[in-house]
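# Structure assessment
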Amino acid sequence: MRVLLAGGGTAGHTSPLLATAAALLREDPTIEITCLGTREGLEARLVPEAGFPLEFVPRMPLPRKPGKAMLQFPGKMRAQRRAALEIIDRVKPDVVVGFGGYVSVPAYLAARARRVPIVVHEGNALPGIANRLGARLTPYVAVSFPDTPLKAKGGDPALYTGLPIRRMISTLDRAALRAEGRAAFGLDAERPTLLVTGGSQGAQRINAAVSGAAGALGGAGVQVLHVIGPKNELTLEEQGAPYKVLTYVDRMDLALAAADAVLCRCGSNTVTETSGVGLPAVYVPLPIGNGEQALNAAPVVEAGGGLLVPDADLSAEWIAENLVPLMTDPARLAAMGAAAADVIPLDADDKLAALVLEAAR
Ligand SMILES: CC(=O)N[C@H]1[C@@H](OP(=O)(O)OP(=O)(O)OC[C@H]2O[C@@H](n3ccc(=O)[nH]c3=O)[C@H](O)[C@@H]2O)O[C@H](CO)[C@@H](O)[C@@H]1O
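In this text the structure is predicted, and so the values were computed from the model without any measurement.

This part takes up the domain arrangement of the protein. Accessible area lost during the coming together of the parts is what is often quoted as the interface size. Split into domains, the protein comes out as domain 1 (2–165 + 346–360) and domain 2 (168–341). The gap between the C-alpha centroids of domain 1 and domain 2 is 30 Å. Residue-level contacts link 15 residues of domain 1 with 16 residues of domain 2. Here domain 1 packs against domain 2, burying approximately 1300 Å² in sum over the two surfaces, 62% of which is carbon and sulfur. Linking domain 1 to domain 2 there are zero salt bridges. Linking domain 1 with domain 2 are four residue pairs in polar contact (both at pLDDT 80 or more). Residue composition of the side of domain 1 that touches domain 2, grouped by class: ten nonpolar, five polar and no charged.

So this is what it looks like as structure tokens:
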């Protein structure tokens with residue numbers, strides 16, 4: 001069987017595609033997987049690193065205002081569709097799986113033209129335009145959050161699978177890895193530990209607020225593992241408790257195991273991973289975009305597994321007044337962690353792989 005997986009952009013968009021590829025191969029090691037992306041997206045590095053062949057379609061962002069870009073748009077769309085058709089004719093997939101974004105539209109249209117079954121997976125609580133189009137073409141539609149407003153062809157409800165995430169996190173035993181995690185990052189073995197992450201790019205506002213509260217956190221004995229993002233900078237003295245600054249961590253499993261709570265943006269992987277491993281969180285949604293980040297965190301927040309703080313409200317003072325008391329209240333942390341753990345399923349990779357095989361057959 002041959003499967004074409006289309007998607008990419010940031011790490012947050014590429015990760016579910018790779019997790020699904022791995023699940024398909026666990027199900028049937030003879031499946032031939034090909035990925036479809038753009039040269040500009042992070043998939044251009046991450047997919048070959050994971051050992052899968054990657055085909056390219058030209059990148060085609062939607063023009064936001066009238067002008068030259070809009071006039072060139074139809075021509076670019078045709079070029080993209082031709083590229084996708086050529087790839088489908090050469091790869092001859094039994095099924096095309098799209099994860100949304102620029103790359104998925106030509107994949108969906110080419111698959112429809114060649115009568116190849118389509119599977120659509122939406123990673124965010126609010127579907128993007130590519131998947132709203134793709135979902136009209138197929139009965140095989142899956143979503144990552146329970147309330148995502150996306151229907152399959154004919155108006156049938158989408159299948160709620162959750163978001164496929166890396167196995168090192170979906171199978172993580174935090175208690176077993178806690179000591180190793182803390183040692184790996186040079187943290188104290190016993191202190192309450194806050195993990196800070198702004199997603200794959202980092203978040204400057206979060207960085208400024210947390211570093212501004214370093215004294216309050218350290219004074220209360222709270223140590224911090226702060227992942228600031230690849231392009232950001234932060235220098236800080238340790239104040240009473242360790243405060244470790246990293247630009248990126250590859251072993252997110254160790255970082256999650258080291259933590260007692262997380263302060264983070266609400267990209268769908270971050271929400272799924274954090275809540276899935278039973279960590280309480282302070283969720284600070286990205287204020288731009290179509291509002292999908294606040295909705296990603298909503299089910300976990302409603303279940304009592306996290307607090308939602310608008311970006312404009314997050315400050316060093318907010319952290320000193322609200323997060324420091326939470327970090328030093330083990331009973332409340334434990335209750336929130338337990339509430340978070342059961343909200344979003346962690347076997348989305350297997351469920352989506354099963355749907356892909358069903359569609360292909
Ligand atoms: C600005 C932007 O476009 N944000 C979108 C992007 O977020 P973004 O790319 O930040 O994606 P997520 O927050 O969903 O995921 C980040 C991923 O990177 C990993 N990680 C992060 C930092 C690190 O140091 N090491 C590491 O491994 C996390 O474990 C996680 O798996 O894709 C998400 C998934 O479609 C969307 O919900 C977000 O709205």
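There's plenty left to go through after this.
The backbone phi angle of Lys92 is positive, close to 50 degrees, even though this residue is not glycine. Along the chain, Lys92 turns up in the loop between helix H3 (68–91) and strand S4 (95–98). A positive phi is found at Arg115, a non-glycine position, where the angle reads about 55 degrees. Following the sequence through the fold, Arg115 ends up in the loop between helix H4 (104–113) and strand S5 (118–122).

Further remarks concern the site of the ligand. Residues in contact with the ligand amount to 20 residues; listed here are only the nearest, Asn124, Ser200, Thr270, Glu273 and Glu292. Interatomic distance of 2.8 Å between a side-chain N/O atom of Arg166 and an oxygen atom of the ligand. Relative to its unbound accessible surface of 770 Å², the ligand loses 89% to contact with the protein. Per-element tally for the shell around the ligand: the top contributor is helix H11 (residues 268–276), with four residues. Partitioned by chemical class, the residues of the shell around the ligand number five nonpolar, twelve polar and three charged. Residue assignment places the shell around the ligand across two domains, with domain 1 (2–165 + 346–360) and domain 2 (168–341) each supplying three or more.

Reading the values: the criteria
- Residues numbered from 1 in each chain as written.
- Predicted model: local features only at pLDDT ≥ 70, side-chain atom pairs only at ≥ 80, totals over all residues.
- Heavy atoms only, no water.
- Domains from an automatic or database assignment.
- Contact = heavy atoms within 4.5 Å.
- Buried area = accessible area lost by both parts, 1.4 Å probe.
- Salt bridge = Lys/Arg side-chain N within 4 Å of Asp/Glu carboxyl O.
- Polar contact = N/O pair within 3.5 Å; in protein donor to acceptor, adjacent residues only side chain to side chain.
- Nonpolar A, V, L, I, M, F, W, Y, C, P; charged D, E, K, R; others polar.
- Helix = DSSP H or I, 4+ residues; strand = E, 2+ residues; numbered from the N terminus.
- Near = heavy atom within 4 Å.
- Areas by Shrake-Rupley, 256 points an atom, 1.4 Å probe, with all protein chains shown as cover.

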